[in-house]
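# Chains, contacts and geometry: an overview
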Amino acid sequence: MANRIMLNQTSYHGAGAISEIVSEAKSHGFKKAFVCSDPDLIKFNVTTKVTELLDKEGLAYEVYSDIKANPTIENVQHGVQAYKKAGADYIIAIGGGSSMDTSKAIGIIVANPEFEDVRSLEGVAPTKNPCVPIIAVPTTAGTAAEVTINYVITDVERKRKFVCVDPHDMPIVAVVDPDMMASMPKGLTASTGMDALTHAIEGYTTKAAWEMTDMFHIKAIEIIGKSLRGAVANTKEGRDGMALGQYIAGMGFSNVGLGIAHSMAHTLGAVYDTPHGVACAMMLPIVMEYNASCTGEKYREIARALGVAGVDAMSQEEYRKAAVDAVRKLSEDVGIPAKLTALKEEDLQFLAESAYADACRPGNPKDTSVEDLKELFRKVM
Ligand SMILES: NC(=O)c1ccc[n+]([C@@H]2O[C@H](COP(=O)([O-])OP(=O)(O)OC[C@H]3O[C@@H](n4cnc5c(N)ncnc54)[C@H](O)[C@@H]3O)[C@@H](O)[C@H]2O)c1
Ligand SMILES: [Fe+2]
């Protein structure tokens, strides 16, 4: 089978990039925007950075903000109703993965109403029509949902997060402006940044990885490794680097998939509402150790990209350990805890079965089992 690469039609990068939203809206002839953003972003005046531009240009819009972190089926269904009522013809998604993913699901269902139950979109959904056009504006440097063909929705009733993979949901325009991320507090910068690193490392080692995605992932690991500590300290170089690094990771993993650090993080998000990046950061070094034997020389390149000196002189055992240690050290330095106190022994069976059923699991370089997943979860207790 041929390898496929899908990216945005257009993307803008760098401080001040949000001013391009106006020209994009005008050149596409859009009439009214449905602005999807979450309540905190509205409260902290992040969303207004964009709506002020629309106001100034007299561009019509309506705001939808019934979106929680780890967004739910309900958030999507209410959004579909609100979109129809608004009479909008495109979406501006402003936020982290939660706002962008909700926007994608809304845009898909408006164009493909037979999927209005949302659950039927899990996995590779056979939608017929491209979603409503989306201009995506990330405010976290992590998920890269602005350039991926995935979105993740939480099924509260069944305590599951499910991944939907659908080329029809790709935002037509991504506006990656580090100024939109500058208001992130330290903890959020750290956790979303570790999500991006998890994308880059899992994407680099996933079963379907190939030269072109390796190119994206190894560059992303290098940029994120150099930038995350600075971003947490709110330096301009750090913020600029993370905005770019997380996007480049998205250019890769969206096209090849991830692995079980993500399967396990989705499960922890659904059961304990653990922020996605925190869950990824906890699982990543543990999963890297587990996968090492199925990754050939790749950990040597990961260690090199993370700035470890002397990797060419190291034995396989040494460079594999060096790569895992560098990841663990970065996570520690940015203040992410290694243990999840909410995790309980009696939940392990459900967690492991749920992670096994996750769409990211088959891409893991090492074939796994419910029993192995249980042991891996036990390591963060
Ligand atoms: N689509 C994909 O490919 C993909 C990839 C990875 C993760 N995800 C999903 O994305 C979600 C997580 O997204 P996220 O980590 O970006 O966080 P988020 O969107 O859930 O936001 C978390 C919190 O941070 C706040 N916030 C966001 N930007 C801010 C800013 N600039 N200043 C101050 N506060 C800000 C939000 O208001 C919210 O309260 C999860 O549901 C995850 O499963 C999707
Ligand atoms: Fe992620």
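Here the residue numbering is sequential within each chain, running from 1 through the sequence in written order. Here every chain gets a letter starting at A, and every ligand a number starting at 1, in the order they are written. Local features are withheld for residues below a pLDDT of 70 in this predicted model, meaning they are given only at 70 or higher, and side-chain atom pairs are given and counted only at 80 or more; totals for whole chains, interfaces and linings count all residues. For side-chain calculations, the full set of non-hydrogen atoms in the structure is used, while hydrogens and water are omitted.

As named in an unreviewed UniProt entry, the chain is Lactaldehyde reductase, taken from Ligaoa zhengdingensis. The heading Sequence similarities (unreviewed entry) in the UniProt record of the chain holds the text "Belongs to the iron-containing alcohol dehydrogenase family." UniProt positions are given in the numbering used here, feature names are shortened, and annotations may be inferred rather than shown by experiment.

Using the residue numbers shown here, the UniProt feature "domain: Alcohol dehydrogenase iron-type/glycerol dehydrogenase GldA" (unreviewed entry) corresponds to residues 11–178. Secondary structure elements are defined from DSSP: runs of H or I of at least 4 residues count as helices, runs of E of at least 2 residues count as strands, and each element is numbered from the N terminus. Taken end to end, residues 11–178 is 31% helix and 25% strand, and its two terminal C-alpha atoms sit 13 Å from one another.

Once that is clear, we can look at the packing of helix α9 (residues 260–272) against helix α10 (residues 276–291). Throughout, an axis means a line fitted to C-alpha atoms (over the contacting stretch in the case of helices), and angles, computed between N-to-C directions, take values from 0 to 180 degrees. Remark: α9 packs on α10, axes separated minimally by 8 Å, with the N-to-C direction vectors making an angle of 145°. Judged by the twist between their axes, the crossing of α9 over α10 is right-handed. For the pair formed by α9 and α10, the contact residues are Ile-260, Ala-261, His-262, Met-264, Ala-265, His-266 and Leu-268 on the first element and His-276, Ala-279, Cys-280, Met-283, Leu-284, Val-287 and Tyr-290 on the second. All residues other than Ala, Val, Leu, Ile, Met, Phe, Trp, Tyr, Cys, Pro, Asp, Glu, Lys and Arg, Gly among them, are scored as polar; the first ten of these are nonpolar and the last four charged. Tallied by class, residues from the contact of α9 with α10 come to 11 nonpolar, three polar and no charged. By convention the crossing between two helices is left-handed if the near helix lies anticlockwise of the far one by an angle smaller than a right angle, and right-handed if it lies clockwise. Pairs of residues are marked as contacts when any of their non-hydrogen atoms sit within 4.5 Å.

Bringing the sheet that holds strand β5 (residues 123–124) into the picture now. Strand order in the open sheet formed by three strands is β5-β8-β7, and the pairing between neighbours is mixed. Every interior strand has two partners, whereas the edge strands, β5 and β7 (150–155), have only one. Across the sheet, α9 is in contact with β7 and β8 (160–165); its angle to β8 comes to roughly 135°. DSSP calls a pair of strands paired once it identifies at least 2 bridges connecting them.

This brings us to the layout of surface pockets. Here a cavity denotes a set of grid points, spaced 1 Å apart and computed over the protein atoms alone, in which a 1.4 Å probe fits but from which it cannot get out, and a pocket denotes an open set meeting protein on both sides within 12 Å along at least five of seven lines; residues with an atom within 4 Å of a point are reported as lining. Grid points are joined across faces, edges and corners, and a volume is the space filled by probe spheres set on the points. Roughly 170 Å³ of internal volume is contained in the second largest pocket. Ala-281, Met-282, Pro-285, Ile-286, Arg-328, Ser-331, Glu-332, Ile-336, Pro-337, Ala-338, Lys-339 and Lys-379 together form the lining of the second largest pocket. Of all the secondary structure elements, the ones that give two or more residues to the lining of the second largest pocket are α10 and α12 (316–333). Of all the elements, α10 adds the most residues to the lining of the second largest pocket, at four residues. Its residues assigned to classes, the lining of the second largest pocket shows seven nonpolar, one polar and four charged.

The subject of this paragraph is the site of ligand 1. As a matter of local geometry, ligand 1 sits amid 28 residues, with Asp-38, Gly-97, Ser-98, Thr-139 and Thr-140 nearest to it. A distance of 2.9 Å separates a nitrogen atom of ligand 1 from a polar atom in the backbone of Asn-150. Counting only elements with at least two residues in the shell around ligand 1, the list comes to α2 (39–43), α5 (97–111), β7 and α6 (186–205). Each residue belonging to the shell around ligand 1 can be placed in one class, and the counts come to 10 nonpolar, 13 polar and five charged. An automatic or database domain assignment is the source of the domain bounds shown. Counting contributing residues, the shell around ligand 1 receives three or more from each of domain 1 (10–181) and domain 2 (186–378). What makes a residue near a molecule or strand is one non-hydrogen atom of that residue sitting within 4 Å of it. N or O atoms within 3.5 Å of each other form a polar contact, as long as, within protein, one can give a hydrogen and the other can take it, and as long as residues adjacent in sequence are counted only when both atoms are side-chain atoms.

A word on the coordination of the iron ion (ligand 2). In this structure, Asp-195 (OD), His-199 (NE2), His-262 (NE2) and His-276 (NE2) serve as the protein donors to the iron ion (ligand 2), at separations of 2.1 to 2.2 Å. Of note is the iron ion (ligand 2), whose four donor atoms meet at the metal with angles of 83 to 171° in an arrangement that counts as irregular. Donor residues for the iron ion (ligand 2), ordered by position in the chain, follow D-x3-H-x62-H-x13-H. Here Asp-195 is found in helix α6, whereas its partner His-262 is found in helix α9, with 67 residues between them in sequence. Across this residue pair, the class does not change: Asp-195 and His-262 are buried. Metal coordination here is assigned from N, O and S atoms located within 2.8 Å of the ion, or within 3.2 Å for Na, K and Ca; omission of water means that sites may look incomplete. Only four donors with every angle between 85 and 135 degrees are called tetrahedral; only four or six donors with opposite donors over 155 degrees apart and all others between 65 and 115 are called square planar or octahedral, in that order; all others are irregular. Classification of residues uses two cut-offs on accessible area relative to the type maximum, computed with a 1.4 Å probe and protein chains only: under 20% is buried, over 50% is exposed, and between them is partly exposed.

With that out of the way, let us pick up the nonpolar core. Side-chain atoms within 4.5 Å are what join buried Ala, Val, Leu, Ile, Met, Phe, Trp, Tyr and Cys residues into a set we call a nonpolar core. Among the nonpolar cores identified, the biggest contains 75 residues, and Met-194, Leu-197, Ile-221, Leu-268, Met-288, Ile-302 and Leu-343 are the most heavily contacted of them. The element that contributes the greatest number of residues to this core is α10, accounting for 11 residues. For this core, the two domains that each supply at least three residues are domain 1 (10–181) and domain 2 (186–378). Residues contacting Leu-197, with those up to four places away along its chain left out, are Ile-221, Ile-224, Leu-284, Leu-306, Val-327 and Leu-330.

In this section: the sheet that holds strand β1 (residues 10–13). In space, the six strands of this open sheet follow the order β1-β9-β6-β4-β2-β3, with parallel pairing throughout. Every other strand in the sheet has two partners, leaving β1 and β3 (60–64) as the edge strands with one partner each. Each adjacent strand pair in this sheet contributes to an overall mean axis angle of 15°, direction not counted. Two elements, strand β4 (residues 90–95) and strand β6 (residues 134–138), share five bridges in a ladder whose sense is parallel.

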